[in-house]
Amino acid sequence: MAQELTPTIKQFIEKVKQHFQDDPKLMEMFEQTFINTYKTTIRPQVDGTTFVITGDIPAMWLRDSAAQVRPYLLLAEQDQGIAKMIKGVIQKQFFFINHDPYANAFNETANGMRYHNDQTEMTDWIWERKYEIDSLCYPIQLAYLYWKATGDTTHFDDSFVEAVSNILHVWRTEQNHQQSNYHFVRDNCPEQDTLSNDGYGAPVGYTGMTWSGFRPSDDACQYGYLIPANMFAVVSLRQITEIAKSILHDSAIVEEASQLAMEIESGIKQYGIVNHPTYGEIYAYETDGIGNYVMMDDANVPSLLSMPYLGYCSFDDPIYVNTRRFIFSEENPYYFEGKVAKGIGSPHTPDQYIWHISLAIQGLTAIHEEEKQYIIELFKQTDAGLNLMHEGFHVDDPTQFTRPWFSWANSMFSEFVLSRIGWIVAGSPLCTFEDNKGGKGL
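Residues numbered from 1 in each chain as written. Predicted model: local features only at pLDDT ≥ 70, side-chain atom pairs only at ≥ 80, totals over all residues. Heavy atoms only, no water.

Colleague: I would appreciate a short explanation of the side chain of T6 in the present structure.
Modeller: Topologically, T6 is positioned in the segment before α1 (7-18). Ignoring any residue separated from it by four or fewer positions in sequence, one finds T6 in contact with Y38, D79 and I82. (Helix = DSSP H or I, 4+ residues; strand = E, 2+ residues; numbered from the N terminus. Contact = heavy atoms within 4.5 Å.)

Colleague: Would you mind going over the pattern of salt bridges with me for this structure?
Modeller: Here the idea is simple: oppositely charged side chains can pair when their charged atoms come close. A complete count under the given rule lists 26 salt bridges for this structure. For K17, the salt bridge is made with E14, and the minimal N-O distance between the two is 3.8 Å. Linking K17 with E14, this pair stays in helix α1, spanning three residues, or about one helical turn. For R129, the salt bridge is made with D100, and the minimal N-O distance between the two is 2.5 Å. Taken together, the positions of R129 in the loop between β5 (126-128) and α6 (134-150) and D100 in the loop between α5 (80-99) and β4 (105-106) put the pair 29 residues apart, joining distant regions of the chain. Residues R129 and D100 agree in their burial class; the two are buried. (Salt bridge = Lys/Arg side-chain N within 4 Å of Asp/Glu carboxyl O. Buried < 20%, exposed > 50% of the residue type's maximum accessible area, 1.4 Å probe, protein only.)

Colleague: Help me understand the sheet that holds strand β3 (residues 60-61), please; the structure alone is not making it clear to me.
Modeller: One key point about sheets: their strands pair by backbone hydrogen bonds, in either a parallel or an antiparallel sense. Spatially, three strands are ordered β3-β4-β5 in an open sheet, and the strand pairing comes out antiparallel. Bordering the open sheet on either side are β3 and β5, each of which pairs with just one other strand. As paired elements, β4 and β5 share two bridges and run antiparallel to each other. Residue pairing in the sheet places F106 in a bridge with I126 of β5. (Pairing = 2+ DSSP bridges.)

Colleague: What's the story with the nonpolar core in this structure? I'm lost.
Modeller: Soluble globular proteins tend to bury their nonpolar side chains together. I86 and W171 are the most contacted members of the largest nonpolar core, which has 145 residues in total. I86 has contacts with V69, Y72, L73, A76, L142 and Y146, leaving out every residue within four places of it along the chain. In terms of nonpolar packing, the next biggest core, distinct from the first, is built from five residues, I57, W61, A105 and W127 among them. (Core = buried A, V, L, I, M, F, W, Y, C linked by side-chain atoms within 4.5 Å.)

Colleague: How should the packing of aromatic side chains be read in this particular structure?
Modeller: Describing an aromatic ring pair means giving the distance of the ring centres and the angle of the ring planes. For the structure on display, the rule yields 29 aromatic pairs. Here the aromatic rings of F95 and F96 are separated by 5.6 Å at their centres, their planes lie at 55°, and the arrangement is tilted. Assessed through its relative accessible area of 35%, F95 is described here as partly exposed. F96 gets classed as buried once you look at its relative accessible area, which sits at 0%. Between W355 and F406, the ring centres sit 6.4 Å apart and the planes meet at 75°, which makes this aromatic pair edge-to-face. Taken together, the residues W355 in strand β13 (residues 353-355) and F406 in the loop between β15 (401-402) and α15 (407-419) connect sequence positions 51 residues apart. Here the aromatic cluster, defined as three or more aromatic residues joined through ring pairs, consists of F12, F30, F34, Y38, Y72 and W423. Over the ring of W147 we find K148, and its NZ or CZ is 4.1 Å from the ring centre. Over the face of the ring belonging to F406 we find R403, whose NZ or CZ atom lies 4.4 Å from the ring centre. (Phe/Tyr/Trp six-rings, centres within 6.5 Å; stacked < 30°, edge-to-face > 60°. Lys NZ or Arg CZ within 6 Å of the ring centre and 35° of its normal.)

So this is what it looks like as structure tokens:
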């Protein structure tokens, strides 16, 4: 059932459109993308929590749901209904994490629906059980940003503390994946949908980083140490530390989270940086800690491109700048250039397809105004006339696309457009970026 737009949302859209009166196409795209998640994916629950479907699938992804509602944080301080909705998402996410911290997607009720009959430990709540580090990072990020946007701390309750304990336990366990019971096997599927080595993934050595079975694309990791996901984990652990100090006053969580962050960070620096013959020191996408690397970047977030956006490093960090040059080169196997567009795609979608999510991240992390404006124009040329964002589209012909609309991509586009007028979620690293000083700007 579609959600009715609140007066606050309607007024907000009109305020934004006043900044783009000379660009009716962009105004229409913003309005449609901004309301898309609210009208089509929000499912209020009788217990006060909020279930958020990913779009064309009736399940709730921990990652997607956080990204889908993130732009509405700008309204949460002034609209109690929206604040309640977002708080409900946070509560639902931590309920799911406490049910199973290894699962990535869940059902609205314990109805036993699932994507596939996989060989892993399933329950009736779980839609899919692909373990991804970012599935635990995104709820922490949303809880942290909700606090910064509203000042509300009531969501840091017993369920939150239990979830933090579960997250710390999983990340600590997966520093030594050979001691973990997690496994995942899917039969009769593409290679990227299942884990090798009888479902335990390729062998890895100890690095201090924490292991991940799958990427944020839901594709299997080739090597278990996914560098951008570990970077996101470092950011999340720092946010946990701040919450534990300021709100929970829990010295045990402070000590455990800060120590784990230091160990993962040390692993990234020791094992995640490669000296490239053209670009110098750059971050690898994946490694196994025993000498093997995947050199690429993927459109899905966390990506290497997204690291300043997520708060791992500064926008002008030298290794990030080098990595960014690599990402937008032919040496990245998922960088595509065509007649209409150029950008980052994914092995998750067809060859020569780039993603609107990656274009939004490119714009949000760009330092130069020319690049930001180029991204705006590219969005306008690649929506296939639908005023909505897709998953991926062909670089030569944007009328060839996957998914007519993709809620996560719609929210990312909205966030990029809002950043163009300095309207940024409080607590976001974008608030300190030199081109976007002043925080929310509302």
